[in-house]
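Here are the chains, one letter per residue:
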Amino acid sequence: MARAALTREEVLETAAALVRQHGPDALTMRRLAAELGTAVTSIYWHVGNRESLLDALVERTVADLDTIRPRGATPAERLVSVARALRRALRERPHLVAMVHERGLTERMFLPAQRALVHEAHAAGLRGAHAARAVRAVQFQVVGYVLVERNRERAPAQSPGEEELWSGEDAESDGLLARALAAPIDTERLFVDSVRALVDGLLAGAAGAAGETEDGVVGRGPYSL
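Positions within a chain are numbered from 1, following the residues in the order the chain's sequence is written. For a predicted model such as this one, the threshold for reporting local features is a pLDDT of at least 70, and the threshold for listing and counting side-chain atom pairs is 80 or more; totals across whole chains, interfaces and linings nevertheless cover every residue. Only hydrogens and water are set aside when side-chain values are computed; all heavy atoms of the structure are taken into account.

A. Up close: the nonpolar core. Buried residues of nine kinds, namely Ala, Val, Leu, Ile, Met, Phe, Trp, Tyr and Cys, make up a nonpolar core once their side-chain atoms join them within 4.5 Å. The classification of residues rests on relative accessible area computed with a 1.4 Å probe and restricted to protein chains. Under 20% of the type maximum is buried, over 50% is exposed, and intermediate values are partly exposed. Membership of the largest hydrophobic core comes to 53 residues, with the highest contact counts inside it found for Leu 27, Leu 32, Ile 43, Leu 53, Leu 57 and Leu 90. Only runs of H or I of at least four residues qualify as helices and only runs of E of at least two qualify as strands under DSSP, and these elements are numbered from the N terminus. With eight residues, helix α5 (residues 75–92) is the largest single contributor of residues to this core. Not counting the four nearest positions on each side in its chain, Leu 53 is found in contact with Leu 12, Ala 15, Leu 27, Met 29, Leu 32 and Val 47. In this description, contact between two residues means that some pair of their heavy atoms is separated by no more than 4.5 Å.

This is the structure we're talking about:
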């Protein structure tokens, strides 16, 4: 049976899958053609040369992160939902995100998530520099957490590991704490707990945000130190 007509989207999807699984170095026009069951010339016709293909993948990755939509009944819940969606998107495509970064489009990639965070910060009553700090704090929390996760995953096996190190410790006579530190890390729960704590702290300052100047400095009242 003859293969269905090849489309540009099919080429990009297959190329993105190769990069996600094996990294950019694994993406050759010959290998891509083999994956698609077509001739190399057909790939060139749809996406141009390899550099053009990589550029298209970068644009596609940027567009993918534009699909993040807040969920939840409150601004706090929706802020956390954006953080969770952004973390998931970054973890699902580390090689593609690295390609975006190498081409100097990192800030553009994060813009849709920032816009979603801005909307929810405004809905929570934050304005100006206070809202900007909230947006950046959540973004940095997500990116930092993902980097720590990736580093832990790529690190060589630890000996002794955290479980062994804490199994004989009493953590200042706190046995429950020692056992918790010796247990495997639930990274999803830890992420949600940390983001919720961050968001709750940021939103708790909403009432005092009105007293800030344009540069984010709280104005001095008659009883200020």
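There's more to say after this.
B. Expanded view of the packing of aromatic side chains. Pairs were defined over the aromatic rings of Phe, Tyr and Trp, the Trp ring being its six-membered one, requiring ring centres within 6.5 Å. Orientation was assigned from the angle between planes: stacked under 30 degrees, edge-to-face over 60, tilted for the rest. All told, the structure shown has one aromatic pair when counted by the stated rule. Lying across the ring of Phe 191, Arg 87 places its NZ or CZ 5.0 Å from the centre. Either the NZ atom of lysine or the CZ atom of arginine qualifies as a charge over a ring when it sits within 6 Å of the ring centre and within 35 degrees of the ring normal.

C. Here's a closer look at the confidence of the model for the protein. On a scale of 0 to 100, pLDDT captures the predictor's confidence in every residue. Per-residue confidence for the protein averages 86 on the pLDDT scale, and 89% of its residues sit at or above 70. In this model, residues 216–225 is a region of pLDDT below 50 whose contacts with residues beyond four sequence positions or in other chains number nine contacts.

D. Quick peek at the environment of Arg 93. Relative to the assigned elements, Arg 93 resides in the loop between α5 and α6 (94–102). A relative accessible area of 12% places Arg 93 in the buried class. In sequence terms Arg 93 and Arg 20 are 73 residues apart; their C-alpha atoms lie 5.6 Å from each other.

E. Geometry of the pattern of salt bridges. Here, a salt bridge means any side-chain nitrogen of Lys or Arg that lies within 4 Å of a carboxyl oxygen of Asp or Glu. Inspection of the entire model under this criterion finds 16 salt bridges. A salt bridge links Arg 87 to Glu 149; its shortest N-O distance comes to 2.8 Å. Here the residue Arg 87 occupies a position in helix α5, and Glu 149 occupies one in helix α8 (residues 128–154), the gap between them amounting to 62 residues. For the salt bridge of Arg 189 with Asp 193, the shortest nitrogen-to-oxygen distance reads 3.9 Å. Of this pair, Arg 189 and Asp 193 both sit in helix α11 (residues 187–204), separated by four residues, roughly a single helical turn. By relative accessible area, which is 58% here, Arg 189 ends up exposed.

F. Here's a closer look at α11. With 18 residues, α11 extends 26 Å from end C-alpha to end C-alpha; this agrees with the ideal 26 Å at 1.5 Å per step. Residues Phe 191, Val 192, Val 195, Val 199 and Leu 202 constitute the buried set of α11. Projected down its long axis, α11 shows its buried positions confined to an angular sector of 100 degrees, all on one face. Counted as exposed and oriented over 90 degrees from the buried face of α11: Arg 189, Ala 197 and Ala 204. Given a helix with a known number of residues, its expected span is that number minus one, times 1.5 Å. What the arc covers is the set of directions going from the helix axis to the C-beta atoms.

G. How the structure looks around a negative patch on the surface. Taken together, the side chains of Glu 169, Asp 170, Glu 172 and Asp 174 present a region of like negative charge at the surface. Tracing the sequence through the fold places Asp 174 in the loop between α9 (162–167) and α10 (175–182). A relative accessible area of 34% places Asp 174 in the partly exposed class. Only residues whose relative accessible area exceeds 30% and that form no salt bridge are eligible for patches; like-charged ones are grouped when within 9 Å, while nonpolar side chains (Val, Leu, Ile, Met, Phe, Trp, Tyr) are grouped when within 5 Å. Residue-level accessible areas treat just the shown protein chains as cover; the underlying method is Shrake-Rupley with a 1.4 Å probe. Only four residue types enter the charge count: Lys and Arg as positive, Asp and Glu as negative, with His and the chain ends excluded. We put the charge of a Lys on NZ, of an Arg on CZ, of an Asp on CG and of a Glu on CD.

H. Examining the side chain of Ser 81 more closely. Examined against the element boundaries, Ser 81 turns out to sit in helix α5. A 3.5 Å cut-off defines polar contacts: any pair of N or O atoms within that distance qualifies, except that in protein one atom must be a possible hydrogen donor and the other a possible acceptor, and neighbouring residues in sequence count only when both atoms are side-chain atoms. Looking at Ser 81, its side chain comes within polar contact range of the main-chain oxygen of Arg 78, at 2.7 Å. Sequence-distant contacts of Ser 81, that is, excluding residues within four places in its chain, are made with Arg 69, Pro 70 and Arg 71.

I. Geometry of the packing of helix α1 (residues 8–22) against helix α2 (residues 29–36). Running from amino to carboxyl end, α1 crosses α2 at an angle of 115 degrees, the nearest separation of the two axes being 10 Å. By the angle between their directions, the pair α1 and α2 is classed as roughly perpendicular. Considering how the two elements wind past one another, α1 and α2 form a crossing that is right-handed. Contacts from Glu 10, Val 11, Thr 14, Ala 15, Leu 18 and His 22 of α1 reach α2 at Arg 31, Leu 32, Glu 35 and Leu 36. Gly counts as polar in this scheme, as do all residues outside two lists: the nonpolar Ala, Val, Leu, Ile, Met, Phe, Trp, Tyr, Cys and Pro, and the charged Asp, Glu, Lys and Arg. Grouping the constituent residues of the contact of α1 with α2 by class yields five nonpolar, two polar and three charged. Convention adopted: a line fitted to C-alpha atoms gives each axis, helices being fitted over their contacting stretch, and angles between N-to-C directions are expressed from 0 to 180 degrees. In what follows, roughly perpendicular refers to angles from 65 to 115 degrees, roughly parallel to angles under 35, roughly antiparallel to angles over 145, and oblique to any angle outside these ranges. The sense of a crossing depends on the near helix, which, turned anticlockwise from the far helix by less than a right angle, makes the crossing left-handed and, turned clockwise, makes it right-handed.

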